[in-house]
Amino acid sequence: MRRLLPIWIGVSVVMVWVGFVLPWVRLETHEPDLVQKIRKAAPLRDTVDGLLQDVNRVTLTIRRGAEKVTGELPRLEDLPRHVSGLQVPQLANSQQAKLAAMVMELIVGAQQYLGLKSYAVYLLPGMLSLFGLVLILWNKHTIVVWVAIGLCVAIAALGFWKLLTTKAEALVVTMTIGEGLWLSLWAYIVLAIGAAGYLMIKPHRT
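Calculation notes
- Residues numbered from 1 in each chain as written.
- Predicted model: local features only at pLDDT ≥ 70, side-chain atom pairs only at ≥ 80, totals over all residues.
- Heavy atoms only, no water.
- pLDDT = per-residue confidence, 0-100.
- Contact = heavy atoms within 4.5 Å.
- Salt bridge = Lys/Arg side-chain N within 4 Å of Asp/Glu carboxyl O.
- Helix = DSSP H or I, 4+ residues; strand = E, 2+ residues; numbered from the N terminus.
- Core = buried A, V, L, I, M, F, W, Y, C linked by side-chain atoms within 4.5 Å.
- Buried < 20%, exposed > 50% of the residue type's maximum accessible area, 1.4 Å probe, protein only.
- Axes fitted to C-alpha atoms, helices over the stretch in contact; angles between N-to-C directions.
- Parallel < 35°, antiparallel > 145°, perpendicular 65-115°, else oblique.
- Nonpolar A, V, L, I, M, F, W, Y, C, P; charged D, E, K, R; others polar.
- Expected span 1.5 Å × (residues − 1).

1. Looking at the confidence of the model for the chain
- Summarising the model, the chain shows a mean pLDDT of 75, and 58% of its residues fall at 70 or more.
- This stretch, residues 34–39, has a pLDDT under 50; its non-local contacts, to residues over four places away or in other chains, come to 12 contacts.

What follows is the structure in structure tokens.
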């Protein structure tokens, strides 16, 4: 069984990095009915498109319990259809920084120094990879295993709680959590289970 545990840990590491490049957030845009009717009814299409340019901007409000953050996103045609963890730092240092701010608020609650804090998303796969390496090297130490289990469960629980209690509201855009973020959090559960396997194998040292 001991020989299988490093493979199990390796699977969790692969899961978290695959989740990092898969969509964390999906955006589905839909133009308000009134705007659609104006476009279809107006004979001067170019003029109407110019007048409706500001209408097509999206104001998104993210709520987590009693807290909320509101920001204006780019125009509908400029919005990406999904955002992965890998893309968050890129967005944070681009003209679409407000969208990155929405995603960061969803994940870690960061609102200031966005460009710098956006790189914190690398901690999600990075910490799990570190925990996995520590378990492979020092799995005979009971304290090390218990600390790894505790941290993995705490991170996963906090992540799931934030995702399940956060709502994104907007008139013309629907923001949903993508499979990448869920997969990344489940990777921590998988690693915790693998770490628990070491506790079932003796001998251990404190």
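2. Some details on the pattern of salt bridges
- As enumerated under the stated definition, the model contains one salt bridge in all.
- The partner of Arg26 in a salt bridge is Glu179, and the shortest N-O contact between them spans 2.8 Å. Within this pair, whereas Arg26 is found in strand S1 (residues 23–29), its partner Glu179 is found in helix H9 (residues 179–199), the two being separated by 153 residues in sequence.

3. Quick look at the nonpolar core
- Among the nonpolar cores identified, the biggest contains 35 residues, and Trp24, Leu124, Leu135, Tyr188 and Leu191 are the most heavily contacted of them.
- Counting only elements with at least two residues in this core, the list comes to helix H1 (4–21), S1, helix H4 (88–92), helix H7 (123–138), helix H8 (142–165) and H9.
- When residues of this core are assigned to their parent elements, the largest contribution, nine residues, is made by H9.
- Aside from chain neighbours lying at most four places away, what touches Tyr188 is Val16, Leu123, Leu124, Met127, Leu128, Phe131, Cys152, Ile155 and Ala156.

4. Re the packing of H1 against H7
- In the contact formed by H1 and H7, the axes pass within 9 Å of each other and the chain directions differ by 170°. Considered as vectors, H1 and H7 are oriented roughly antiparallel to each other. Contacts between H1 and H7 involve Ile9, Ser12, Val13, Val16, Trp17 and Phe20 from the first element and Leu124, Pro125, Gly126, Leu128, Ser129, Gly132, Leu135 and Ile136 from the second.
- Looking at the contact of H1 with H7, its residues break down into 10 nonpolar, four polar and no charged.

5. Details of H8
- Across its 24 residues, H8 extends 34 Å between first and last C-alpha, which sits within 8% of the 34 Å expected from 1.5 Å per residue.
- Looking at H8, one finds that the buried residues are Val145, Ala148, Ile149, Cys152, Ile155, Ala156, Gly159, Phe160, Lys162 and Leu163.

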